[in-house]
Amino acid sequence: MARTVFDAFLAGDAIPEKALLPAVEPLAARIGSIETDTMMSDPSHWSACLAKAGRLLDLNGLILGMDPSLVSEAYGVQLASDNGRSVPRATKEQLSAQPTIDGGLGSGRLGHALEALNRLVQTEKPHYGCIAALSGPAALAQTLFGDSEGAHLAELTQSLVELAEAFCKVRPDLLLFREGRELGNAVIGMSHRKVYNTVKNMAGYFNVPVAVYLEDYNSALLPELGKLKIPFILLGADQNGQAPDPALVRELAGTVDGVGVPLPFDDPDNAAALVESYREQLQGVNYLYTSMHELTRETDLEKARTLIGNLKN
């Protein structure tokens, strides 16, 4: 049934149950009794931990690769440990250099992510939607160049498409690009449209639809995202840490095939109120539920399972 509900979302079929697709990798590591960095250094552990989280939380899809440092590392950005998880630590020279894929996908954690995705698809695709996540072009340009205006997007296009192609060859159900304020606070320009159109065309060759997961955005600018002509836009919390305005979500939904709206997994009562608001104001819209934020190791599992139980009953 989990797979069926996710497929219905991708197809735009109207069914009463909404798919549940939070990002859970840090929590999945905890469920698997392993540190997050250790999990991401072993493809078999990575895919197994995600599968365990999917079963425990009754999810409809599993997202692999949400950590933006995976792609940053592939471009040569130095990493330092932060509470058991790697984070970008770049020098001025690295940020201004023409990015190259250092050592190819076979080396580093991005290579582990590719193998983990392959294992996930092979073992779990009959049961769950399998989603490959990568840093979005705008977010990556900010990390590499400090570029919040999209001036370097053209330089990134070829290498990012090569990365995305490697993941599409594994045949995930969805290719998801994680973006933040660089895209969510911007008026969508030609540079944004070109890079996403190129990626979408490549993914289309493998019959893999493309989505953007957006967080830290200006809700008033949500309708701008329709200019990207990306099939699916999934939303986390906005720049104020809140859920988006359903009226603006509805306007955005008129330009895409489906949207994701977020729930606070640490607050079941607030989540219940949001679910009711979405039901009332998004009638006729093809949507699923995401999370306000990636579910961390500190997530209260009892609260999360209460929220999910309320949704499923």
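From a predicted model like this one, the values you see are computed outputs, not experimental measurements. (Residues numbered from 1 in each chain as written. Predicted model: local features only at pLDDT ≥ 70, side-chain atom pairs only at ≥ 80, totals over all residues. Heavy atoms only, no water.)

Student: Looking at this structure, I do not really get the overall build of the chain. What am I missing?
Tutor: For the chain, the helix and strand inventory stands at 14 helices and nine strands. Counting over 313 residues, the chain shows a buried share of 57%. Expressed as a percentage of contacts within the chain between residues at least 6 apart in sequence, the contacts between residues at least 24 apart total 74%. (Helix = DSSP H or I, 4+ residues; strand = E, 2+ residues; numbered from the N terminus. Buried < 20%, exposed > 50% of the residue type's maximum accessible area, 1.4 Å probe, protein only. Contact = heavy atoms within 4.5 Å.)

Student: What should I look at first to understand the pairing of strand β1 (residues 61–64) in this one?
Tutor: Side-chain direction in a regular strand flips from residue to residue, so the side chains alternate between the two faces of the sheet. Going residue by residue along β1, you find G61 and I63 tucked away on one face and L62 and L64 tucked away on the opposite face as well. Where β1 and strand β4 (residues 129–135) come together, four bridges link them in parallel fashion. Looking at β4, one finds that I63 is bridged to I131. (Pairing = 2+ DSSP bridges.)

Student: Could you clarify how one ought to interpret the pairing of β4 in this entry?
Tutor: Of all seven residues in β4, seven are buried; the element is thus mostly enclosed. With five bridges joining them, β4 and strand β5 (residues 174–179) adopt parallel strand pairing. Considered in β5, the bridge of A133 is made with L176.

Student: So what exactly am I meant to see when it comes to the sheet that holds β1 here?
Tutor: Sheets are built from strands paired through backbone hydrogen bonds, the pairs being either parallel or antiparallel. Judged by pairing direction, the sheet is parallel, and its seven strands sit side by side in the order β1-β4-β5-β6-β7-β8-β9 without closing on themselves. The open sheet is flanked by β1 and β9 (287–291), the only strands paired with a single partner. Strand-to-strand, the axes of this sheet are offset by a mean angle of 25°, without reference to chain direction. Looking at chain direction, strand β7 (residues 232–235) and strand β8 (residues 258–263) are connected through three bridges and run parallel. Across the sheet, the residue bridging to I233 is V259, located in β8. (Axes fitted to C-alpha atoms, helices over the stretch in contact; angles between N-to-C directions.)

Student: Would you take a moment to explain the nonpolar core for this structure?
Tutor: Within soluble globular proteins, side chains that are nonpolar tend to cluster in buried spots. If you look at the biggest cluster of nonpolar residues, it comprises 95 residues, and the most contacted ones within it are L175 and L263. Core analysis: the second largest hydrophobic core is formed by 17 residues, V5, F6, L21 and L174 among them. (Core = buried A, V, L, I, M, F, W, Y, C linked by side-chain atoms within 4.5 Å.)

Student: What should I look at first to understand the confidence of the model for the chain in this one?
Tutor: Interpretation of this model should avoid reading the predicted coordinates in detail wherever pLDDT is low. Looking at the chain, the pLDDT average stands at 89 and 90% of residues meet or exceed 70. Ignoring residues within four places in sequence, the model shows residues 81–87, a span with pLDDT below 50, making 21 contacts including any to other chains. Counting interchain partners and residues more than four positions distant, the pLDDT-below-50 stretch residues 95–103 has 20 contacts. (pLDDT = per-residue confidence, 0-100.)

Student: Could you clarify how one ought to interpret helix α13 (residues 268–281) in this entry?
Tutor: Residue pairs three or four apart in sequence face the same way in an α-helix, which turns once every 3.6 residues. The end-to-end C-alpha distance of α13 is 20 Å, a good match for the 20 Å that 14 residues give at a rise of 1.5 Å each. Within α13, burial applies to P268, A271, L274, V275, S277 and Y278. Check the buried side of α13 and you find it contacts α12 (246–253), β8, β9 and α14 (301–312). (Expected span 1.5 Å × (residues − 1).)

Student: Before we go on, may I ask you to explain the packing of aromatic side chains in this structure?
Tutor: The description of an aromatic ring pair rests on the distance of the ring centres and on the angle between the ring planes. Tallied over the entire structure, the rule returns five aromatic pairs. Taking the centre distance of 5.1 Å and the plane angle of 85° together, the rings of Y205 and F206 count as edge-to-face. Overall, Y205 belongs to the exposed group, its relative accessible area being 68%. Between Y278 and Y289, the ring centres sit 6.4 Å apart and the planes meet at 35°, which makes this aromatic pair tilted. Taken together, the residues span a long stretch of sequence, with Y278 in helix α13 and Y289 in strand β9 at a distance of 11 residues. Note that K18 overlies the ring of Y287, its terminal NZ or CZ placed 4.4 Å from the centroid. (Phe/Tyr/Trp six-rings, centres within 6.5 Å; stacked < 30°, edge-to-face > 60°. Lys NZ or Arg CZ within 6 Å of the ring centre and 35° of its normal.)

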